[in-house]
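An overview of the molecular structure
Each chain, written out:
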Amino acid sequence: MPGRKDLFKEIRVVLLAVISWFALSTAGELIGNQANDTVFGQLVGHWVLLAAVVVVPTFGIAWVVLAMRERRRELTKPAVEEDEPWSRPAVPDPWFRPEPLCARENEVGQALRRVLDTGVVALVGPRDVGTSAVAAAVAQRLIDEHGGDPEHTFRFDVRSRSTRGPDGAAATAGRVVAAFGIDEPSDDTEEVLARVAGQLVGVLTARGGILLLDNVSMPEQVWWLVRDWPAGGRVRLVVAGEPAVGDAVEHRVVAVGELDLAGLRQIWDAEMGAPGLLERVGEWVRQWRGTPNAEDAISEVLRACFGRPRAVKAIVEEIKRSSDTVTAQSLRDAMHAGGELDGPLERVWTAMLDNIREGLSDEAVWLLCALAELPVTGLTRGAVAAMLGSDDLGPLEELRVSNLVVEQGGRYRLPQEIRRAIARTGREDERRKVALGALPALVRYVAGHAERWSLRLDTQDARAWFRDSEPTLRPLFSEEHYADEELLELVLPDLGAIADALEVWYVREHRSRGLLEVNAGLYALVCRARREDLAALAAIRQATAHRLARRPGEAAGALDLARAHVAAVPDDRPRAELDGRAQVESALLAMTTADADALHEAVDELGRLRGAGRLAGHPELLVNLGALCLGRGRVAEALAHLYEAEELAVDARDAGCEAHAVELQGVALSQQDGQLVEAARRWLRARATFTRIGEDRGVARCLQHLGSAALVDPRVAGRLRDGRMVPLPRHEAAAVAVELLERAKSLRTGQPDTGLVDHYLARAREQLG
């Protein structure tokens, strides 16, 4: 590994040098003796001898060393793709049997009884005290002793990729439910989270599953699931987290305290292995002489770990790796000299960092500092290569082998305690220099991928990339990480490109929470940079997020803010484009609030913008204009806009916009006498397109349209069930409607607006009998 000494290779090089020196010295001496018999030999003989004895061996050895280094670099060079794909699909991790525990039998037994009685247990304790290991042991006991199925045992690490703090309820729920094919919550309202939790419990109950949520930091991350979790059933929930999590679980808590000294010593002995005969004899001699022994130092080190098993394991690993320079005594002294620190693990890593850095290459040391300065963690290999400016990921491998970064699911994470230790021991000027190089490179890299994938959202790979990468992209807009004005200037253009790409994804997926968070952060940054155009755009997107979340008051306020920034934009063209976007958003807001006067005014204004050519080349705006005309009852005008939008979308190869236009054409036709059958044909066509591109919300809307149409016209029910336009009996048509509407509702679990589908579903069930 680069930067580390390899004993075998050192010996091989030394042997080669000695043998070469001996052979060439002997040859040189023979040549010199022969040459002394001639005048020419006497003239050049000592130069030949010098070349044979010094120059040739030196160059030969250097060549061998360089060849070995080059070979090693080739072996560690990763295959980084030009267009890096998403790391893995959103599926639960397979269950693996955990390692045996030391001195935790009591906690495991209590937790097992609690989860069997109530269906839920939370293992809570201070950070890094070992709650994760205890929770895994409980889950394994459920499998071994109580009929649990490892195939249906799922563990989710809910740690955020942001270095600022944990994810909220909606983000946590989204990461869990998406793995089971359930619609992610669009916001964190109680109603939406309750529907999502109910569907997840239903899926797990059908499988008899065990769900383990690990590394939980706040009660709201699990409260949405715990409150309605069934007791005494086949499905079990195990939670591992910090003490605050107990507030969400109440009487179903088992406290995991600091491991006592005897338990820590068990871990030490297990990790170090049994001492050899010479070590035992040496210890006896020291005891006989009355000199300080290693046992005293080990005990002091273990006490300084404050009951944290991972701290003990980290110390043992470092002693094994650097036994010539690191001992229990040296670590004891370093840990006592550490001063006030945030936690035991930070104390351990602070004591070991200097020694670890000495064994790393310069590139690995730079990468370690860079990872500590980023607002995100959990990076892919391609992202790390972009920061290094090279496809050689040897430095990353050094950090992984040294236990400084953890690889999980194709991503590399720098643990929080190591990040804090690096920040504490680094100089401010060096940290700034590293941040100015690493963060812009990372943002530029992910901006390029986000832009490319946003143009291919009709593909499964693009949607999977956004699902996997969005938790990494969102924290990049945290203002606190860009206090340096030079750094902000370097990253702002690429942050704008990422926000553009995320807007396409968020709006398409109706993810109002992410859209609001990203653009609130972008707004704060661009206001500092005095970019009125970007500030107006960010404010308009915030209005969109509030509208999608059904908060019209906040949306109107964001639009007022956007108009103020639009008026301050100095250039005519961008000002006109932003004004058009604000008008479109205002019209859509008026439509959701059912304000007739505002809706008429907005549609008229959009008509003027369209007449002036300001909506040209934007099929999605024409779709919105068609929807607004439908809201005013101007069906013929709406159809004209929607037909044009469909043509533009086909030319632009925008399948999502095309399907939306066709869907609304069906809505318009359904409002005309005798056109319901033709409307159903449009909805079937739109549903096929939405299904092909994986847009579940579009599929849900079309199913809702078709289900309500089946209630009104039995011919539509016959077309949907039998493929023929033959009317079905009333109760059979109702059965078709119920099936379609239930599927529509299941696809909209995470959305706040299910009132209409609930209305039609109630009517269909009533008609069914």
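Calculation notes
Residues take numbers from 1 onward in each chain, read along the sequence in its written order. The model is predicted, so local features are restricted to residues of pLDDT at least 70 and side-chain atom pairs to those at 80 or more, both for listing and for counting; the totals for chains, interfaces and linings are taken over all residues. Water and hydrogen atoms play no part in the side-chain values, which are based on all heavy atoms of the structure. For the purposes of this entry, the term helix denotes a DSSP run of H or I that reaches at least four residues, the term strand denotes a run of E that reaches at least two, and both are numbered from the N terminus. Exposure is judged per residue with a 1.4 Å probe applied to protein chains only, and the accessible area is read against the type maximum: over 50% gives exposed, under 20% gives buried, and values in between give partly exposed. Pairs of residues are marked as contacts when any of their non-hydrogen atoms sit within 4.5 Å. Here the open area of atoms and residues is found with the Shrake-Rupley method and a 1.4 Å probe, where only the protein chains shown may cover a residue. In this analysis, strands are considered paired if DSSP registers two or more bridges between them. To get an axis, a line is fitted to the C-alpha atoms, and for a helix only the part in contact is used. The angle between two axes follows their N-to-C directions and goes from 0 to 180 degrees. A helix is expected to reach a length of 1.5 Å times the quantity of its residues less one. Per residue, pLDDT measures the predictor's confidence, with a range of 0 to 100. Angles below 35 degrees are treated as roughly parallel, those above 145 as roughly antiparallel, those between 65 and 115 as roughly perpendicular, and all remaining angles as oblique. Left-handed describes a crossing whose near helix is turned anticlockwise from the far helix through less than a right angle; right-handed describes the clockwise counterpart. For this classification, Asp, Glu, Lys and Arg are treated as charged, while Ala, Val, Leu, Ile, Met, Phe, Trp, Tyr, Cys and Pro are nonpolar and the rest, including Gly, are polar. What we call a nonpolar core is a set of buried Ala, Val, Leu, Ile, Met, Phe, Trp, Tyr and Cys residues that are connected through their side-chain atoms within 4.5 Å. The term salt bridge refers to a pairing of a side-chain nitrogen on Lys or Arg with a carboxyl oxygen on Asp or Glu at a separation within 4 Å. Seen with its strands pointing away from the viewer, a crossover is right-handed when the path leading from the first strand over the helix to the second is clockwise. Distance and chemistry together define a polar contact, namely a pair of N or O atoms within 3.5 Å, with one atom able to donate a hydrogen and the other to accept it when in protein, and with adjacent residues in sequence counting only for side-chain atoms on both sides. Each aromatic pair joins two rings of Phe, Tyr and Trp (for Trp, the six-membered one) with centres within 6.5 Å, and gets the label stacked for planes under 30 degrees apart, edge-to-face for over 60, and tilted for any other angle. Whether a charge lies above a ring is judged from NZ of Lys or CZ of Arg, which has to be within 6 Å of the ring centre and within 35 degrees of the ring normal.

1. Some remarks on the overall build of the chain
- When its secondary structure is counted, the chain shows 34 helices and seven strands.
- Residue burial in the chain is summarised as follows: out of 769 residues, 49% are buried.
- In the chain, the share of contacts with a sequence separation of at least 24, taken over all contacts with a separation of at least 6, comes to 72%.
- Only carbon and sulfur atoms are counted for the fraction: they give 54% of the accessible area of the chain, which is about 36,000 Å².

2. Re the sheet that holds strand β3 (residues 210–216)
- Here five strands make up an open sheet; going across it, the order is β2-β3-β4-β1-β5 and the pairing parallel. Since the sheet does not close on itself, it has two edges, and those belong to β2 (153–157) and β5 (253–255), each with one partner. Strand-to-strand, the axes of this sheet are offset by a mean angle of 15 degrees, without reference to chain direction.
- Where β2 meets β3, five bridges bridge the pair, whose relative direction is parallel. Each residue of the ladder has a partner; that of Thr153, found in β3, is Ile210.
- Sheet strands in contact with helix α3 (residues 105–118) are β1 (120–124), β4 (236–241) and β5, and its direction is about 150 degrees off that of β1.

3. Brief notes about helix α12 (residues 309–321)
- Taking 1.5 Å per residue as the helical rise, α12 with its 13 residues ought to reach 18 Å, and the 19 Å between its terminal C-alpha atoms agrees with that figure.
- What α12 keeps buried is the set Pro309, Ala311, Val312, Ala314, Ile315, Val316, Glu318 and Ile319.

4. Details of the confidence of the model for the chain
- Looking at the chain, pLDDT values average 81 and 79% of them are 70 or higher.
- A low-confidence stretch, residues 74–83 (pLDDT under 50), is modelled with 17 contacts involving residues beyond four sequence positions or located in other chains.
- In this model residues 276–291 is a low-confidence stretch, pLDDT under 50, and it forms eight contacts with partners more than four residues away in sequence or in other chains.

5. Some remarks on helix α29 (residues 655–670)
- Taking 1.5 Å of rise per residue, the 16 residues of α29 would be expected to cover 22 Å, and the 23 Å separating its terminal C-alpha atoms lies within 8% of that figure.
- Burial analysis of α29 places 14 of its 16 residues in the buried class, which makes it a mostly covered element.

6. Some details on the packing of helix α30 (residues 676–693) against helix α31 (residues 696–712)
- The N-to-C vectors of α30 and α31 enclose an angle of 155 degrees; their axes lie 9 Å apart at closest approach. Comparing the axis directions of α30 and α31 gives the class roughly antiparallel. Along this stretch, α30 crosses α31, giving a crossing that reads as left-handed. In this structure, α30 contributes Leu676, Ala680, Trp683, Leu684, Ala686, Arg687, Phe690 and Thr691 to the contact, and α31 contributes Gly698, Val699, Arg701, Cys702, Leu703, His705, Leu706, Ala709 and Val712.
- Here the contact of α30 with α31 is built from residues that sort into 12 nonpolar, three polar and two charged.

7. Remarks on the nonpolar core
- Counting residues in hydrophobic clusters, the biggest one holds 90 residues, and the most contacted among them are Leu371, Leu379, Leu399, Leu476, Phe477, Tyr482 and Ile498.
- Core analysis: the next-biggest nonpolar cluster, separate from the first, contains 57 residues, Val623, Leu669, Leu711 and Ala717 among them.

8. Looking at the pattern of salt bridges
- Tallied over the entire structure, the rule returns 49 salt bridges.
- Arg159 is the salt-bridge partner of Asp157, the closest N and O atoms lying 2.4 Å from each other.
- The class for Arg159 is partly exposed, based on a relative accessible area of 30%.
- Here Glu417 ties to Arg310 by a salt bridge, and the two come within 3.2 Å at their closest N and O atoms. A residue pair is termed long-range when its members are at least 10 positions apart, and Glu417 in helix α18 (residues 416–425) and Arg310 in helix α12 qualify at 107 residues.
- What makes Glu417 buried here is its relative accessible area of 5%.
- The class for Arg310 is partly exposed, based on a relative accessible area of 40%.
- Bridged by salt links that share partners, the residues Asp167, Arg175, Glu470, Arg474 and Glu517 form one connected network.

9. Regarding the environment of Leu476
- Inspection of the secondary structure puts Leu476 in the loop between α20 (460–473) and α21 (485–509).
- A sequence separation of 15 residues divides Leu476 from Val491, and the C-alpha atoms of the two residues are 9.8 Å apart.

10. Points about the pairing of β3
- The buried fraction of β3 amounts to six of the seven residues, a majority that puts the element mostly inside the structure.
- Viewed along the sheet, the connection from β3 through helix α7 (residues 220–226) into β4 turns out right-handed.

11. Concerning the side chain of Glu663
- Note on placement: Glu663 falls in helix α29.
- Here Arg701 takes part through its side chain, which lies 3.0 Å from a polar atom of the side chain of Glu663.
- Apart from residues no more than four positions distant in its own chain, Glu663 is found in contact with Trp683, Ala686, Phe690, Arg701, Cys702 and His705.

12. Describing the packing of helix α28 (residues 635–651) against α29
- Between α28 and α29, whose axes approach to 8 Å, the crossing angle comes to 160 degrees. Of the possible angle classes, the one that applies to α28 and α29 is roughly antiparallel. Crossing geometry of α28 relative to α29 is assigned as left-handed. Here α28 contributes Val635, Leu639, Leu642, Tyr643, Ala645, Glu646, Ala649 and Val650 to the contact with α29, which in turn contributes Cys657, Glu658, Ala661, Val662, Leu664, Gln665, Ala668 and Leu669.
- Broken down by class, the residue content of the contact of α28 with α29 amounts to 13 nonpolar, one polar and two charged.

13. A closer look at the environment of Gly698
- In this structure, Gly698 sits in helix α31.
- With 10 residues separating them in the primary sequence, Gly698 and Ala688 have C-alpha atoms 9.9 Å apart.

14. Here we look at unusual backbone geometry
- In the Ramachandran plot, Ala103 falls in the positive-phi region, its phi being about 60 degrees despite a non-glycine side chain.
- You can see Ala103 is positioned in the loop between α2 (39–76) and α3.
- Located in the positive-phi region is Asp128, a residue other than glycine, with phi close to 70 degrees.

15. So, the packing of aromatic side chains
- Summed over all chains, the structure comprises five aromatic pairs.
- Ring plane angle 85 degrees and centroid distance 5.1 Å describe the contact between Phe154 and Phe180, whose orientation is recorded as edge-to-face. Placement of the pair is Phe154 in strand β2 and Phe180 in the loop between α5 (169–177) and α6 (190–207), with a sequence separation of 26 residues. Across the pair, Phe180 and Phe154 agree in class, each one buried.
- Members of the aromatic cluster, joined through ring pairs, are Trp453, Trp465, Phe466 and Trp505.
- Its guanidinium or amino end placed over the ring of Trp223, Arg227 lies 4.2 Å from that ring's centre, counting from NZ or CZ.

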